[in-house]
Amino acid sequence: MNFINNHIKIYALTALCSGIFFSCAQKPLHTASKEVKSEVKGKISTTLPWSQRMLQSEIKRFPEAWMLDYNKNPKWSYPTAIVLEGAEKLYEKTGNKEYYNYITKFGDMMVKEDGTIVSYDLSKYNIDMLNCGNVLLYLYEKEKKEKYLKALQTLRSQIDGQPRTSEGGFWHKKIYPNQMWLDGLYMGEPFYANYTHEFSKGADAEKAYNDIVNQFDLIQKHLLDKKTGLLYHAWDESKEQAWANKETGLSPNFWSRAMGWYGMAIVDVLDYLPQNHPGRAKLISYLKSYTDAVIKVQDKETGLWYQVLDKGADKGNYLEATGSSMFVYVMMKSVNKGYLPTSYKTYAKKGYDGIIKNLISVDENGVVNLNQCCAVAGLGGTPYRSGSYEYYVNEEIRSNDPKGTGPFILASLEFEK
């Protein structure tokens, strides 16, 4: 009898999931009534700026920062760092101790007294693991705890041992040999540049900055599509992966969030690259061509961007929140920093307004939700991810993914300046 009941449940669940996906695929712009409501106590003021409303919503949804990304157990995880970067900036702006406590509780939980990082395994050489080091750089500057310095030195040692392509490009992970992903530039380079800015001097600093710029040079050399100006998700130097083009080694599509990661990597590395470094001019030129390509595929009606950037009209594609938030952040920060002319603000503002109009919903208690986020996408692995169009549009869609809420907070802060 239990066997029959279990099968009935499985069939019911399958039917329900199929219905949800069909709805997502056929109706890219969801209505707020269909989105997940947050079961939290207390009310968030609607008079606050969007940056604080979203951060306070994240704190209510995930009372401990390690819970971000829907983690069930403490986990050293890059999405956490993006939201906490927003918390850092908001604490410096407002002095609200709740924001600082959210950051420091994460550091205390995730780094043991001997400097060991919970759940981190250096031997995996996973470049994703470096991004959260930015949180420790902030906490070490504030608190000077020895355990943070030890943890930072461990993370920095990963860079020295990270496997590389023949031209010096970081592999995305040890288990993904010979592969550079756009994602990896954001995961590794801002931390590398930030750490170098804080701790390295003279020839050591110059060598590190040159290494950082070289990562972007290699991406431009191997992943750029000269026809559209967009960049492919990944490149396999060996051309052995099933997803890799046998002539170029490139993956087959332009994924929105991968492009978002790359743009964020450029503007964030520029925060630390010395003003007199020759690589600055190159990175800014990359940023200009990147932004021009992104604008060309911006949805004219909503100002948003599709999950697969250049195939907006194709069946199943949808306007995606994480990439859209990242593009808006990159553009607005670039305007504020003087990397791009002020005329680019028009496109950033259209995108930002599109997010608020189409992808934001607000619960009765004031909690803000960011909807239509791609939960995850990658290449290779088990089960194997092919990088096909069908693969990207069929990955899980959810609300309040920190890979979207974090960039939304950062974008909001750029607009609130």
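None of the values given here were measured: they were computed from a predicted structure.

1. Here we look at the overall build of the chain
When its secondary structure is counted, the chain shows 14 helices and six strands. A globule of 417 residues ought to have a C-alpha radius of gyration of about 22 Å, and the chain, at 21 Å, matches this closely. In terms of overall dimensions, the chain has C-alpha extents of about 65 × 55 × 55 Å along its principal axes. For the chain, the proportion of contacts with a sequence separation of at least 24, taken over those separated by at least 6, is 72%. Carbon together with sulfur atoms contributes 54% to the accessible area of the chain, which is approximately 17700 Å² in total. Within the chain, the 48 negative side-chain charges are centred at a point lying 3 Å from the centre of the 51 positive side-chain charges.

2. Side note on the packing of aromatic side chains
Where two aromatic rings form a pair, the distance of their centres and the angle of their planes describe that pair. Following the criterion strictly, the structure yields 22 aromatic pairs and no others. Taking the centre distance of 5.7 Å and the plane angle of 80 degrees together, the rings of Y78 and W261 count as edge-to-face. Pair noted here: Y78 is in helix α3 (residues 78-94) and W261 is in helix α9 (residues 256-269), with a separation of 183 residues, a long-range link. Taken individually, Y78 and W261 each receive the classification buried, so the pair is uniform in this respect.

3. Concerning the side chain of R156
Tracing the sequence through the fold places R156 in helix α6 (residues 146-161). Relative accessible area serves as the criterion here: at 15%, R156 is assigned to the buried category. Within the local environment of R156, its side chain forms a polar contact with the side chain of D160, the two groups lying 2.9 Å apart. If near-sequence neighbours (up to four positions away) are discounted, R156 is found in contact with F191, Y192 and Y195.

4. Side note on the packing of helix α2 (residues 50-61) against helix α14 (residues 402-415)
The contact between α2 and α14 brings their axes to 8 Å, and the two run at 150 degrees. Judged on the interaxial angle alone, α14 and α2 are roughly antiparallel. Pair α2 / α14 crosses with left-handed handedness. Along its contact with α2, which presents W50, S51, M54, L55, E58 and R61, the element α14 presents P402, T405, F408, I409, S412 and L413. In terms of residue class, the contact of α2 with α14 is built from seven nonpolar, three polar and two charged.

5. Some details on the confidence of the model for the chain
Confidence in the prediction of the chain, expressed as mean pLDDT, is 92, and 90% of residues score 70 or more. Within the model, the stretch residues 1-40 combines pLDDT values under 50 with 41 contacts to residues more than four positions away or in other chains.

6. Let's talk about the packing of α9 against helix α11 (residues 321-337)
Packing of α9 against α11 leaves a shortest axis separation of 8 Å and a crossing angle of 25 degrees. Considering the angle they form, α9 stands roughly parallel to α11. Crossing angle aside, the handedness with which α9 passes α11 is left-handed. Mapping the contact onto sequence places S256, R257, M259, G260, W261, G263, M264, V267 and D268 in α9 and T322, G323, S324, M326, F327, Y329, V330, K333 and S334 in α11. Across the contact of α9 with α11, the residue classes break down as eight nonpolar, seven polar and three charged.

7. What about the nonpolar core?
If you look at the biggest cluster of nonpolar residues, it comprises 132 residues, and the most contacted ones within it are W76, F106, F216, M259, Y262, M264 and Y290. In this structure Y290 touches L231, M259, G260, Y262, G263, F327 and V330, once residues within four positions along its chain are discounted.

8. So, the pattern of salt bridges
Across all of its chains, the model carries 24 salt bridges by this definition. The partner of K282 in a salt bridge is D217, with the nearest N and O atoms 2.7 Å apart. Of this pair, K282 sits in helix α10 (residues 279-296) while D217 sits in helix α8 (residues 202-223), and the two are 65 residues apart along the sequence. Take K282: its relative accessible area is 34%, and that puts it in the partly exposed class. Across the pair D292 and K288 runs a salt bridge, and its minimum N-O distance is 2.8 Å. Pair noted here: D292 and K288 are both in helix α10, with a separation of four residues, about one helical turn. Judged by relative accessible area, D292 falls into the partly exposed class, the value being 26%.

9. Observations regarding α3
With 17 residues, α3 should reach 24 Å at 1.5 Å per residue; the first-to-last C-alpha distance of 25 Å fits that figure. With 13 of 17 residues buried, α3 lies mostly within the body of the structure. The positive-phi residue at the C-terminal boundary of α3 is G95, with phi of around 75 degrees.

Reading the values: rules and limits
Residues numbered from 1 in each chain as written. Predicted model: local features only at pLDDT ≥ 70, side-chain atom pairs only at ≥ 80, totals over all residues. Heavy atoms only, no water. Helix = DSSP H or I, 4+ residues; strand = E, 2+ residues; numbered from the N terminus. Rg over C-alpha atoms; globule rule 2.2 N^0.38 Å. Contact = heavy atoms within 4.5 Å. Areas by Shrake-Rupley, 256 points an atom, 1.4 Å probe, with all protein chains shown as cover. Lys, Arg positive; Asp, Glu negative; His and termini not counted. Charge placed at Lys NZ, Arg CZ, Asp CG, Glu CD. Phe/Tyr/Trp six-rings, centres within 6.5 Å; stacked < 30°, edge-to-face > 60°. Buried < 20%, exposed > 50% of the residue type's maximum accessible area, 1.4 Å probe, protein only. Polar contact = N/O pair within 3.5 Å; in protein donor to acceptor, adjacent residues only side chain to side chain. Axes fitted to C-alpha atoms, helices over the stretch in contact; angles between N-to-C directions. Parallel < 35°, antiparallel > 145°, perpendicular 65-115°, else oblique. Left-handed = near helix turned anticlockwise from the far one by under 90°. Nonpolar A, V, L, I, M, F, W, Y, C, P; charged D, E, K, R; others polar. pLDDT = per-residue confidence, 0-100. Core = buried A, V, L, I, M, F, W, Y, C linked by side-chain atoms within 4.5 Å. Salt bridge = Lys/Arg side-chain N within 4 Å of Asp/Glu carboxyl O. Expected span 1.5 Å × (residues − 1).

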